[in-house]
Amino acid sequence: VACRSVFFTLVLLLLFTYVFSVAFMQFSRGTVLEQKFFSSMGTAIWTLILKCILTDQQVIIEAVAEESWVMAILMLFFILFGSLTVMNMLLGVLVEAIKTVSTIEREQLEVDFAKKCLWEMIDKGHADQDGDNRISEEEYRNVLRTPQAMAALTSLGVDVEAALDYGRLLFEDGEPLTFGHF
(Lines give C-alpha, C1' and ligand atoms only; values in the text may rest on other atoms or scores of the structure.)
Protein backbone atom coordinates (compact mmCIF):
# COMPACT_ATOMS: atom_id res chain seq x y z
CA VAL A 1 0.00 0.00 0.00
CA ALA A 2 2.78 2.44 0.90
CA CYS A 3 4.76 1.63 -2.27
CA ARG A 4 1.69 2.22 -4.38
CA SER A 5 1.05 5.63 -2.82
CA VAL A 6 4.71 6.62 -3.20
CA PHE A 7 4.65 5.49 -6.84
CA PHE A 8 1.52 7.50 -7.67
CA THR A 9 2.90 10.51 -5.81
CA LEU A 10 6.00 10.37 -8.01
CA VAL A 11 3.87 9.99 -11.13
CA LEU A 12 1.86 13.02 -10.03
CA LEU A 13 5.09 14.94 -9.39
CA LEU A 14 6.40 14.05 -12.87
CA LEU A 15 3.08 14.99 -14.50
CA PHE A 16 3.08 18.25 -12.58
CA THR A 17 6.68 18.90 -13.67
CA TYR A 18 5.84 18.10 -17.29
CA VAL A 19 2.90 20.55 -17.36
CA PHE A 20 5.00 23.32 -15.83
CA SER A 21 7.90 22.54 -18.19
CA VAL A 22 5.59 23.09 -21.17
CA ALA A 23 4.38 26.36 -19.64
CA PHE A 24 7.91 27.61 -18.93
CA MET A 25 9.04 26.68 -22.45
CA GLN A 26 6.14 28.62 -23.96
CA PHE A 27 6.55 31.70 -21.78
CA SER A 28 10.35 31.83 -22.13
CA ARG A 29 10.42 31.78 -25.96
CA GLY A 30 12.75 34.38 -27.35
CA THR A 31 14.31 35.22 -23.99
CA VAL A 32 17.64 34.49 -22.34
CA LEU A 33 15.83 32.03 -20.09
CA GLU A 34 14.97 29.84 -23.08
CA GLN A 35 18.63 29.43 -24.03
CA LYS A 36 19.82 28.93 -20.45
CA PHE A 37 17.10 26.80 -18.80
CA PHE A 38 14.19 25.89 -21.12
CA SER A 39 15.60 25.16 -24.60
CA SER A 40 14.05 21.67 -24.77
CA MET A 41 11.54 19.60 -22.84
CA GLY A 42 14.32 17.56 -21.22
CA THR A 43 16.25 20.67 -20.22
CA ALA A 44 13.12 22.29 -18.81
CA ILE A 45 12.25 19.22 -16.72
CA TRP A 46 15.88 18.91 -15.62
CA THR A 47 15.94 22.59 -14.59
CA LEU A 48 12.68 22.39 -12.65
CA ILE A 49 13.65 19.20 -10.81
CA LEU A 50 17.27 20.13 -10.00
CA LYS A 51 17.00 23.86 -9.46
CA CYS A 52 13.56 23.91 -7.78
CA ILE A 53 13.01 20.56 -6.05
CA LEU A 54 16.46 19.04 -5.42
CA THR A 55 18.57 22.16 -4.99
CA ASP A 56 20.93 20.62 -2.40
CA GLN A 57 21.71 17.57 -4.57
CA GLN A 58 22.26 19.43 -7.85
CA VAL A 59 26.07 19.28 -7.78
CA ILE A 60 26.32 15.53 -7.17
CA ILE A 61 23.56 14.67 -9.66
CA GLU A 62 25.17 16.78 -12.40
CA ALA A 63 28.59 15.23 -11.66
CA VAL A 64 27.10 11.73 -11.92
CA ALA A 65 25.16 12.71 -15.07
CA GLU A 66 28.41 13.73 -16.81
CA GLU A 67 29.64 10.16 -16.39
CA SER A 68 26.39 8.24 -16.85
CA TRP A 69 22.79 9.34 -17.49
CA VAL A 70 21.57 5.99 -16.24
CA MET A 71 23.28 6.49 -12.88
CA ALA A 72 21.90 10.03 -12.66
CA ILE A 73 18.35 8.83 -13.28
CA LEU A 74 18.87 6.04 -10.77
CA MET A 75 20.09 8.58 -8.23
CA LEU A 76 17.07 10.81 -8.88
CA PHE A 77 14.71 7.89 -8.31
CA PHE A 78 16.56 6.96 -5.13
CA ILE A 79 16.31 10.49 -3.72
CA LEU A 80 12.66 10.93 -4.68
CA PHE A 81 11.54 7.45 -3.57
CA GLY A 82 13.55 7.68 -0.35
CA SER A 83 12.22 11.12 0.54
CA LEU A 84 8.60 10.27 -0.24
CA THR A 85 8.78 6.91 1.52
CA VAL A 86 10.19 8.42 4.69
CA MET A 87 7.65 11.25 4.55
CA ASN A 88 4.74 8.82 4.11
CA MET A 89 6.00 6.56 6.89
CA LEU A 90 6.39 9.51 9.25
CA LEU A 91 2.92 10.72 8.39
CA GLY A 92 1.51 7.23 8.98
CA VAL A 93 3.22 6.99 12.37
CA LEU A 94 1.93 10.43 13.39
CA VAL A 95 -1.63 9.63 12.30
CA GLU A 96 -1.57 6.31 14.18
CA ALA A 97 -0.20 7.99 17.32
CA ILE A 98 -2.89 10.67 17.21
CA LYS A 99 -5.56 8.03 16.66
CA THR A 100 -4.32 6.03 19.66
CA VAL A 101 -4.18 9.07 21.93
CA SER A 102 -7.65 10.10 20.79
CA THR A 103 -9.08 6.65 21.52
CA ILE A 104 -7.47 6.50 24.96
CA GLU A 105 -8.68 9.97 25.89
CA ARG A 106 -12.22 9.27 24.67
CA GLU A 107 -12.35 6.06 26.70
CA GLN A 108 -11.01 7.89 29.77
CA LEU A 109 -13.67 10.59 29.36
CA GLU A 110 -16.37 7.91 29.18
CA VAL A 111 -15.01 6.19 32.30
CA ASP A 112 -14.85 9.50 34.16
CA PHE A 113 -18.40 10.33 33.09
CA ALA A 114 -19.64 6.92 34.24
CA LYS A 115 -17.88 7.28 37.60
CA LYS A 116 -19.29 10.75 38.08
CA CYS A 117 -22.82 9.63 37.22
CA LEU A 118 -22.67 6.57 39.45
CA TRP A 119 -21.16 8.47 42.39
CA GLU A 120 -23.86 11.12 42.08
CA MET A 121 -26.54 8.45 42.03
CA ILE A 122 -24.99 6.66 44.98
CA ASP A 123 -24.46 9.87 46.93
CA LYS A 124 -27.72 11.68 46.11
CA GLY A 125 -29.82 8.60 45.62
CA HIS A 126 -29.02 7.32 49.08
CA ALA A 127 -27.79 3.99 47.72
CA ASP A 128 -26.43 3.03 51.12
CA GLN A 129 -29.84 2.41 52.62
CA ASP A 130 -28.61 0.64 55.74
CA GLY A 131 -25.79 3.16 56.45
CA ASP A 132 -22.94 0.62 56.68
CA ASN A 133 -20.81 2.44 54.04
CA ARG A 134 -20.99 -0.64 51.81
CA ILE A 135 -23.21 -1.52 48.87
CA SER A 136 -25.15 -4.75 48.82
CA GLU A 137 -26.58 -6.55 45.80
CA GLU A 138 -30.04 -5.18 46.59
CA GLU A 139 -28.72 -1.62 46.87
CA TYR A 140 -26.80 -2.12 43.61
CA ARG A 141 -29.96 -3.25 41.82
CA ASN A 142 -31.96 -0.34 43.25
CA VAL A 143 -29.37 2.18 41.97
CA LEU A 144 -29.26 0.64 38.48
CA ARG A 145 -33.04 0.62 38.17
CA THR A 146 -33.32 4.39 38.62
CA PRO A 147 -34.09 6.33 35.42
CA GLN A 148 -30.92 8.43 35.84
CA ALA A 149 -28.71 5.32 36.01
CA MET A 150 -30.42 3.73 33.03
CA ALA A 151 -30.00 6.91 30.98
CA ALA A 152 -26.34 7.33 31.99
CA LEU A 153 -25.43 3.70 31.28
CA THR A 154 -27.33 3.67 27.98
CA SER A 155 -25.53 6.85 26.85
CA LEU A 156 -22.25 5.03 27.49
CA GLY A 157 -23.38 2.02 25.48
CA VAL A 158 -23.80 -0.22 28.52
CA ASP A 159 -26.63 -2.72 28.49
CA VAL A 160 -28.48 -2.13 31.77
CA GLU A 161 -29.79 -5.70 31.90
CA ALA A 162 -26.26 -7.03 31.44
CA ALA A 163 -25.05 -4.72 34.22
CA LEU A 164 -27.77 -6.09 36.49
CA ASP A 165 -26.70 -9.64 35.63
CA TYR A 166 -23.08 -8.69 36.27
CA GLY A 167 -24.17 -7.71 39.77
CA ARG A 168 -24.73 -11.39 40.49
CA LEU A 169 -21.03 -12.00 39.86
CA LEU A 170 -20.00 -9.02 41.98
CA PHE A 171 -22.03 -10.20 44.92
CA GLU A 172 -21.91 -13.99 44.43
CA ASP A 173 -20.42 -14.48 47.90
CA GLY A 174 -23.33 -12.54 49.39
CA GLU A 175 -21.08 -9.95 51.03
CA PRO A 176 -21.56 -6.24 50.41
CA LEU A 177 -18.69 -4.25 48.85
CA THR A 178 -17.17 -1.03 50.06
CA PHE A 179 -17.81 1.87 47.70
CA GLY A 180 -14.07 1.99 46.88
CA HIS A 181 -14.05 -1.68 45.79
CA PHE A 182 -17.29 -1.23 43.95
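Cut-offs applied
Residues numbered from 1 in each chain as written. Predicted model: local features only at pLDDT ≥ 70, side-chain atom pairs only at ≥ 80, totals over all residues. Heavy atoms only, no water. Helix = DSSP H or I, 4+ residues; strand = E, 2+ residues; numbered from the N terminus. Rg over C-alpha atoms; globule rule 2.2 N^0.38 Å. Contact = heavy atoms within 4.5 Å. Areas by Shrake-Rupley, 256 points an atom, 1.4 Å probe, with all protein chains shown as cover. Phe/Tyr/Trp six-rings, centres within 6.5 Å; stacked < 30°, edge-to-face > 60°. Expected span 1.5 Å × (residues − 1). Buried < 20%, exposed > 50% of the residue type's maximum accessible area, 1.4 Å probe, protein only. Salt bridge = Lys/Arg side-chain N within 4 Å of Asp/Glu carboxyl O. Polar contact = N/O pair within 3.5 Å; in protein donor to acceptor, adjacent residues only side chain to side chain. Axes fitted to C-alpha atoms, helices over the stretch in contact; angles between N-to-C directions. Parallel < 35°, antiparallel > 145°, perpendicular 65-115°, else oblique. Nonpolar A, V, L, I, M, F, W, Y, C, P; charged D, E, K, R; others polar. Patch = residues over 30% accessible without salt bridge, like charges linked within 9 Å, V, L, I, M, F, W, Y side chains within 5 Å.

Draft legend 1. How the structure looks around the overall build of the protein chain. From N to C terminus, the protein chain includes eight helices and two strands. Reading the helices (α) and strands (β) of the protein chain from amino to carboxyl end gives α-α-α-α-α-β-α-α-α-β. At 34 Å, the protein chain has a C-alpha radius of gyration far larger than the 16 Å of a compact globule built from 182 residues. Put simply, of all contacts in the protein chain between residues at least 6 apart along the chain, 51% involve residues at least 24 apart. On the protein chain, roughly 12900 Å² of surface is accessible, and the fraction owed to carbon and sulfur atoms is 66%.

Draft legend 2. Examining the packing of aromatic side chains more closely. All told, the structure shown has four aromatic pairs when counted by the stated rule. Here the aromatic rings of Phe24 and Phe38 are separated by 5.1 Å at their centres, their planes lie at 10°, and the arrangement is stacked. With Phe24 in helix 1 (residues 2-27) and Phe38 in the loop between helix 2 (32-36) and helix 3 (41-53), the pair connects residues that are 14 residues apart, well separated along the chain. Through successive ring pairs, a cluster of aromatic residues spans Phe24, Phe37 and Phe38.

Draft legend 3. Quick look at helix 3. With 13 residues, helix 3 should cover 18 Å at 1.5 Å per step; its first-to-last C-alpha distance of 17 Å lies within 8% of that length. Inspection of helix 3 places Ala44, Thr47, Leu48, Ile49 and Leu50 among the buried residues, and these make up the whole buried set.

Draft legend 4. A look at the pattern of salt bridges. Counted by the stated rule, this structure contains two salt bridges. For Glu137, the salt bridge goes to Arg141, with nearest N and O atoms at 3.6 Å. Within this pair, Glu137 and its partner Arg141 are both found in helix 6 (residues 137-144), separated by four residues, close to a single helical turn.

Draft legend 5. Seen up close, the side chain of Ser28. Structurally, Ser28 can be placed in the loop between helix 1 and helix 2. Note on Ser28: relative accessible area 3%, which makes it buried. Within the structure, the side chain of Ser28 is placed 2.7 Å from the backbone oxygen of Phe24, a separation counted as a polar contact. Every residue in contact with Ser28, bar those within four places of it in the chain, is listed here: Leu33, Glu34 and Phe38.

Draft legend 6. Examining the packing of helix 3 against helix 4 (residues 58-67) more closely. The geometry of helix 3 relative to helix 4 is characterised by a closest axis approach of 9 Å and an angle of 140° between their N-to-C directions. By the angle between their directions, the pair helix 3 and helix 4 is classed as oblique. Residue-level inspection shows Trp46, Leu50 and Lys51 of helix 3 in contact with helix 4, the latter providing Gln58, Ile61, Glu62 and Ala65. Classifying every residue of the contact of helix 3 with helix 4 gives four nonpolar, one polar and two charged.

Draft legend 7. Representation of a nonpolar patch on the surface within the structure. A cluster of nonpolar side chains, Leu12, Leu15, Phe16, Tyr18, Val19, Phe20 and Phe24, forms an exposed patch at the surface whose accessible area comes to about 700 Å². Position of Phe16 relative to the elements: it lies in helix 1.

Function-wise, these values are silent; they only describe arrangement.
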